[in-house]
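Descriptive structure summary
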Amino acid sequence: MIQSWKCLACGKDFKAGDWTCADGLSNHVVAVKEYLLADAPTDPGHPERGGMDSKRDGRTVICNIPPPQKVMEGDTVKWVGEGHVEFVRGRFSTSDPQQQYWLDKKGGFCTEAQWEVAWLSQSQQLEIKEMSLKAREQRLENDRNELLSQVQQQKKQPVAASR
């Protein structure tokens, strides 16, 4: 199955290989897609998990995204268009369908949970869990208050109806 997209800039439906937008200069624009890598660097002498500066500054470059293309110019063959993408702290976002196509073909990306384990220190992971727990507790409290007000309303209605 050939993948297809709809350009957000020109509105055209297009397939892999038809990357150029209506202006003839730039690539089509599609919905942003984020890619995650669980390849956090480690520093010698530092524990595997912890608040390391190298994790904060980590960068990974993936070459050949998109790969070079063979172009004929008269009698000569010319290779053009080799690109690369750079993941900062294991994250890369793009709205370029050509980059998305080649990254999807490459594969090897991780989930948000796997990224958090690789890139966040234990204290950062604990902070996220605490915030999530507080948010759940607040939702439960709001639900209880809403149910209580509904019950109080129901108790008032029969009294008003009997008068």
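This brings us to the overall build of the protein chain. Along its length, the protein chain carries 4 helices and 8 strands. Tracing the protein chain from N to C terminus, the helices and strands come up as β-β-β-α-β-β-β-β-β-α-α-α. Counting across all 163 residues of the protein chain, residues that qualify as buried make up 25%. In the protein chain, the share of contacts with a sequence separation of at least 24, taken over all contacts with a separation of at least 6, comes to 52%. Total accessible area on the protein chain is roughly 11600 Å²; 52% of this is exposed by carbon and sulfur atoms.

Moving on: the environment of L120. Residue placement: L120 occurs in the loop between α3 (112-119) and α4 (122-162). In this structure L120 comes out as buried when scored by relative accessible area, which is 9%. Taking the C-alpha atoms as reference, L120 lies 9.1 Å from A40; in sequence the two are 80 residues apart.

So, on to helix α2 (residues 97-106). Listing the buried residues of α2 in full gives P97, Q98, Q99, Q100, Y101 and L103. Lining the buried residues of α2 we find β1 (4-6), β2 (13-15), β3 (33-36), β5 (69-73), β7 (84-88) and β8 (91-94). Two or three places before Q98, at the start of α2, stands the capping residue D96, its side-chain oxygen 2.8 Å from that residue's backbone nitrogen. Remark: G107 follows α2 within two positions and exhibits a positive phi of approximately 70 degrees.

Moving on: a nonpolar patch on the surface. Together, M72, V77 and W79 line one region of the surface with nonpolar side chains, adding up to about 350 Å² of accessible area. By the element assignment, V77 lies in strand β6 (residues 76-80).

Residue P66 is bonded to the preceding I65 through a cis peptide linkage, with omega at -5 degrees. Topologically, P66 is positioned in the loop between β4 (59-63) and β5. Unlike most non-glycine residues, R89 shows phi in positive territory, near 55 degrees. Among the secondary structure elements, R89 is positioned in the loop between β7 and β8.

A few words now on α3. The complete set of buried residues in α3 reads W115, A118 and W119. Buried residues of α3, viewed axially, fall in a sector of 80 degrees; they line one side.

A word on the nonpolar core. The biggest cluster of nonpolar side chains holds 8 residues, and these are Y35, L37, I62, I65, V85, F87, F92 and L103. Excluding residues within four positions of it along the chain, Y35 makes contact with F87, G90, R91, F92, T94, Q100, L103, D104 and F109.

The next point concerns the packing of aromatic side chains. For the coordinates displayed, the defined rule picks out 8 aromatic pairs. Plain terms: the ring middles of W5 and Y101 are 6.5 Å apart, the flat faces sit at 75 degrees to each other, and that makes the pair edge-to-face. On the criterion of sequence distance, the pair formed by W5 in strand β1 and Y101 in helix α2 is long-range, its members being 96 residues apart. The residues W5 and Y101 share a single accessibility class, namely buried. Among the aromatic side chains, those forming a connected cluster through ring pairs are W5, F14, W19, Y101 and W102. When the ring centre of W115 is taken as origin, the NZ or CZ atom of R91, which lies over that ring, is 4.2 Å away. The ring of F109 carries K106 above its face, with NZ or CZ at 5.4 Å from the centroid.

Definitions and cut-offs
- Residues numbered from 1 in each chain as written.
- Predicted model: local features only at pLDDT ≥ 70, side-chain atom pairs only at ≥ 80, totals over all residues.
- Heavy atoms only, no water.
- Helix = DSSP H or I, 4+ residues; strand = E, 2+ residues; numbered from the N terminus.
- Buried < 20%, exposed > 50% of the residue type's maximum accessible area, 1.4 Å probe, protein only.
- Contact = heavy atoms within 4.5 Å.
- Areas by Shrake-Rupley, 256 points an atom, 1.4 Å probe, with all protein chains shown as cover.
- Polar contact = N/O pair within 3.5 Å; in protein donor to acceptor, adjacent residues only side chain to side chain.
- Patch = residues over 30% accessible without salt bridge, like charges linked within 9 Å, V, L, I, M, F, W, Y side chains within 5 Å.
- Salt bridge = Lys/Arg side-chain N within 4 Å of Asp/Glu carboxyl O.
- Arc of directions from axis to C-beta.
- Core = buried A, V, L, I, M, F, W, Y, C linked by side-chain atoms within 4.5 Å.
- Phe/Tyr/Trp six-rings, centres within 6.5 Å; stacked < 30°, edge-to-face > 60°.
- Lys NZ or Arg CZ within 6 Å of the ring centre and 35° of its normal.

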